[in-house]
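Okay, here's what each chain looks like letter by letter:
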Amino acid sequence: MTGNDLEFDENGSIYILSGANSGGKTVFEKSAAVCQALFHLGLFVPAEYAELSPCSQLLLSFSTFDKGSVKSRFTEECEKISHIMQLADEYSILLLDEAFSGTASTEAAAIASEVIKAMSAKGCRSIFVTHIHELVTLPDEINSSDICVSKLDNLTVEVDENNGKRLYKVIRTRPDGRSRASDVARKYGLSFDELMQNKPQNAGEV
């Protein structure tokens with residue numbers, strides 16, 4: 001089992017958590033939610049050490065999609081997060097997982113930036129799990145702005161540089177910006193070389 005630390009402090013009350021797919025980002029965020037909920041219930045928190053403060057609301061948005069809905073996934077995400085932001089105040093904790101993944105990366109980055117700026121201005125605490133690489137530079141932009149109340153910082157998941165193995169360790173640093181999609185492609189045999197090895201001998205026959 002891999003243990004991880006999480007600390008909200010004067011240099012980071014909103015974390016942008018990015019990094020390799022299947023690196024443990026969502027599990028880390030859900031663990032934070034469970035710890036906070038157990039604390040509010042007066043129960044033991046599964047940690048070696050914990051010092052927590054109450055929050056007014058624990059506001060969650062994890063990737064789900066109602067297949068029976070007439071709305072698009074992106075529309076549902078926007079409506080849900082808009083509602084969350086209306087409820088949020090300076091004592092809220094917001095845990096958002098892969099928000100706005102239902103649209104193009106450029107649009108997602110623009111909308112997510114607005115949401116994170118509003119979180120900072122409201123003084124919230126948050127973990128914002130994302131695949132959008134453009135967001136990792138937001139701490140530089142927002143922390144020095146007039147609207148900043150809660151400062152931003154980056155979290156990322158460690159990967160063994162030699163073989164791409166996920167280490168499930170979350171560290172407080174800016175990610176290197178490299179895509180790990182090739183690791184996933186190799187894992188599932190979806191790299192070009194592997195796909196061509198499986199080419200049928202009679203490619204023209206159906």
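One structure accompanies this document, and this report is about it. Since this is a predicted model, take the numbers as computed values, not measurements.

It is worth spelling out helix H2 (residues 73-87) at this point. Taking 1.5 Å of rise per residue, the 15 residues of H2 would be expected to cover 21 Å, and the 22 Å separating its terminal C-alpha atoms lies within 8% of that figure. Taken residue by residue, H2 has Glu77, Ile81, Ile84 and Met85 as its buried positions. For H2, the angular spread of buried residues about the axis comes to 95°, placing them on one side. In the core, the buried residues of H2 are packed alongside strand E2 (58-61), strand E3 (93-97) and helix H3 (105-122).

Before going further, it helps to spend a moment on H3. Side chains of residues three or four places apart in an α-helix project in the same direction, reflecting 3.6 residues per turn. Here H3 is 18 residues long and its end C-alpha atoms lie 25 Å apart, about the 26 Å a rise of 1.5 Å per residue gives. For H3, every residue scored as buried is listed here: Ala108, Ala109, Ala112, Ser113, Val115, Ile116, Met119 and Ser120. Looking at the buried residues of H3, the elements they touch are strand E1 (14-18), H2, E3, strand E4 (125-129), helix H4 (138-142) and strand E5 (152-159). Just downstream of H3, Gly123 is the residue with a positive phi angle, here 80°.

The rules behind these values
Residues numbered from 1 in each chain as written. Predicted model: local features only at pLDDT ≥ 70, side-chain atom pairs only at ≥ 80, totals over all residues. Heavy atoms only, no water. Helix = DSSP H or I, 4+ residues; strand = E, 2+ residues; numbered from the N terminus. Expected span 1.5 Å × (residues − 1). Buried < 20%, exposed > 50% of the residue type's maximum accessible area, 1.4 Å probe, protein only. Arc of directions from axis to C-beta. Contact = heavy atoms within 4.5 Å.

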